[in-house]
Amino acid sequence: MKHFTSIHDVTDLNQMLKEAFEIKKDQYQFENLGKHKTMCLLFFNSSLRTRISTQKAAENLGMKTIILNINEDGWKIETEFGVVMDGDKAEHIKEAAGVIGRYSDIIGIRSFAGLKNRELDYSEHVLGQFIQYAGTPIVSMEAATGHPLQSFADVITIEEYKKKEHPKVVLTWAPHPKALPQAVPNSFAEWAVAAGYEVVITHPEGYELDEKFTCGAKIEYNQNKAFEGADFIYAKNWSNYKNYGQILNMDLNWTVSADKMKLTNQAKFMHCLPVRRNMIVTDEVIDSPDSIVIDEAENRIYSAQTIIKRILENLK
Ligand code: CP
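What comes next is a walk through the structure. (Residues numbered from 1 in each chain as written. Predicted model: local features only at pLDDT ≥ 70, side-chain atom pairs only at ≥ 80, totals over all residues. Heavy atoms only, no water.)

Around the ligand, the neighbouring residues are Ser47, Leu48, Arg49, Thr50, Arg110, His147, Gln150, Cys272, Leu273 and Arg300. With respect to the ligand, the backbone of leucine 48 contributes an N or O atom lying 2.7 Å from an oxygen atom. Take leucine 273: an N or O atom from its main chain is 2.8 Å from a nitrogen atom of the ligand. Along the lines of polarity and charge, the residues of the shell around the ligand split into three nonpolar, four polar and three charged. Per-domain counts for the shell around the ligand show at least three residues from each of domain 1 (7-146 + 300-315) and domain 2 (150-296). (Near = heavy atom within 4 Å. Polar contact = N/O pair within 3.5 Å; in protein donor to acceptor, adjacent residues only side chain to side chain. Nonpolar A, V, L, I, M, F, W, Y, C, P; charged D, E, K, R; others polar. Domains from an automatic or database assignment.)

So this is what it looks like as structure tokens:
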């Protein structure tokens, strides 16, 4: 594997899952693989899980890690080309990527959608510019349109808990006070379909995601109907894709509640976290024994470690 930016960098998901479970059994078994190698983790946006799990994963493989909160620890970065840089952005992404590439063997990048210009966000211009100018393998730690490290961890978690070969997995929209990107649901839909699950996506009418990501999933606008017989409920808010970045619905009837969970096949509850309690999901559901959100977060380590290991093996 050279770069890891989406499911399209994976040719053998089943084999990759096997590798993740091997790593989970003994996370230090490849501790010399990354000796004298450095992974630089660049954050244009906040993080708890991605930052800690990816750092831990790289260090479990013997790598050194450097963490930079871009725009806070370093110079503010200009990402547009051909502009007169007379504002507060002192460094261009072209030089920044080139320089960081010389200091690193792998670069992880978190850069969320701006939610103002759909074409720009969906072109993944920040990730693309790092791939073009860093000359170093790039790992997406959540970009504008996808969060593949999260989705791989989600699939690892479903594989651990599933009781049937092709479980019914429901991705449900839920209300949130702030406009959030479509990255997590986009990726989750792609990975869940690739894993062979029966994938149902439920959301208010008008909240359709880009079909490029939801291809192979069924769309069901009636949330109760979608929940019937579900083995896994994956809750997430996203802002509107068509009326790009807007919040058109805050209906708390979409919150995942204990009554709704009763419609399922005693489904496990999943969320990538951080989660707004009693907006996305009630306390009763997230605190119940069927909530597996902490296991899901733990699996972020093995997701990242599997990916970094594959990239390191390709460097040698
Ligand atoms: N799920 C996830 O990516 O969490 P953070 O935003 O805290 O990294």
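Back to the write-up after that little detour.
It is worth spelling out the packing of helix H6 (residues 148-161) against helix H12 (residues 293-315) at this point. The description of two helices packed together rests on the angle between their axes and the distance between the axes. Contact pair H6 / H12: the axes reach a minimum separation of 8 Å and the direction vectors enclose 115°. Remark: the crossing between H6 and H12 carries right-handed chirality. Packed against H6, whose contacting residues are Leu149, Gln150, Phe152, Ala153, Asp154, Ile156, Thr157, Glu160 and Tyr161, the element H12 presents Asp295, Glu296, Asn299, Arg300, Tyr302, Ser303, Ala304, Thr306 and Ile307 at the interface. Of the residues belonging to the contact of H6 with H12, the class tally is eight nonpolar, five polar and five charged. (Axes fitted to C-alpha atoms, helices over the stretch in contact; angles between N-to-C directions. Helix = DSSP H or I, 4+ residues; strand = E, 2+ residues; numbered from the N terminus. Left-handed = near helix turned anticlockwise from the far one by under 90°. Contact = heavy atoms within 4.5 Å.)

This part takes up the pattern of salt bridges. This model, assessed by the stated rule, comprises 14 salt bridges. Arginine 310 is the partner of aspartate 12 in a salt bridge, and the nearest nitrogen-oxygen pair spans 2.9 Å. Taken together, the residues aspartate 12 in the segment before helix H1 (13-25) and arginine 310 in helix H12 connect sequence positions 298 residues apart. According to the relative accessible area criterion, aspartate 12 is partly exposed, its value standing at 25%. A salt bridge links arginine 310 to glutamate 19; its shortest N-O distance comes to 2.8 Å. Highlighted residues: arginine 310 in helix H12 and glutamate 19 in helix H1, separated in sequence by 291 residues. A relative accessible area of 16% means that glutamate 19 is categorised as buried. Among the charged side chains, a network of salt bridges with common partners joins Asp12, Glu19 and Arg310. (Salt bridge = Lys/Arg side-chain N within 4 Å of Asp/Glu carboxyl O. Buried < 20%, exposed > 50% of the residue type's maximum accessible area, 1.4 Å probe, protein only.)

This part is about the sheet that holds strand E10 (residues 232-236). If you trace the five strands from one edge of the open sheet to the other, you get E9-E8-E7-E10-E11, paired in parallel fashion. Looking along the sheet, the strands with just one partner apiece sit at the ends: strand E9 (218-219) and strand E11 (268-270). Bridge analysis of strand E8 (residues 198-202) against E9 gives two bridges, and the strand direction is parallel. Bridge pairing in E9 places isoleucine 201 opposite isoleucine 219. (Pairing = 2+ DSSP bridges.)

Among all positions of helix H3 (residues 93-103), only Ile93, Ala96, Ala97, Ile100 and Gly101 are buried. Seen from one end, H3 has its buried residues packed into an arc of 130°, which puts them on one side. Seen from the open side of H3, the exposed residues pointing more than 90 degrees away from its buried face are Arg102 and Tyr103. As for H3, its buried residues are in contact with strand E1 (38-43), strand E3 (77-78), strand E4 (91-92), strand E5 (106-110) and helix H5 (125-134). (Arc of directions from axis to C-beta.)

Before going further, it helps to examine the packing of aromatic side chains. Enumeration according to the criterion identifies nine aromatic pairs in this entry. Judged by centre distance (6.1 Å) and plane angle (75°), the rings of phenylalanine 4 and tryptophan 191 are edge-to-face. Residue phenylalanine 4 is located in the segment before H1, and its partner tryptophan 191 is located in helix H7 (residues 183-194); the two are separated by 187 residues in the primary sequence. The exposure class of tryptophan 191 is buried, given its relative accessible area of 0%. (Phe/Tyr/Trp six-rings, centres within 6.5 Å; stacked < 30°, edge-to-face > 60°.)

Among all residues except glycine, the phi angle is most often negative; among peptide bonds, the trans geometry is most common. The omega angle of the peptide bond from leucine 273 to proline 274 is 5°, so this bond is cis rather than trans. One can find proline 274 in the loop between E11 and helix H11 (283-286). The phi dihedral of leucine 115 falls on the positive side, at around 65°, and the residue is not glycine. The phi dihedral of leucine 273 falls on the positive side, at around 65°, and the residue is not glycine. Mapped onto the elements, leucine 273 comes out in the loop between E11 and H11.

To continue, consider the nonpolar core. Formed by 50 residues in total, the largest nonpolar core has its most connected members in Phe152, Trp191 and Ile308. Looking at which domains feed residues into this core, each of domain 1 (7-146 + 300-315) and domain 2 (150-296) gives three or more. Sequence-distant contacts of isoleucine 308, that is, excluding residues within four places in its chain, are made with Met39, Thr54, Ala57, Ala58, Leu61, Met63 and Ile106. Counting 20 residues, the second largest nonpolar core, distinct from the first, contains Ala174, Val256, Leu273 and Val293. (Core = buried A, V, L, I, M, F, W, Y, C linked by side-chain atoms within 4.5 Å.)

As a further point, take helix H2 (residues 49-60). Between its first and last C-alpha, H2 extends 16 Å over twelve residues, near the 16 Å set by a 1.5 Å rise per residue. Regarding H2, the residues found buried are Arg49, Thr50, Ser53, Thr54, Ala57, Ala58 and Asn60. All buried residues of H2 project into a common sector of 160° when viewed along the axis, lining one side. Contacts made by the buried residues of H2 are with E1, strand E2 (64-69), E5, H6 and H12. Backbone geometry just after H2 places glycine 62 at a positive phi near 85°. (Expected span 1.5 Å × (residues − 1).)

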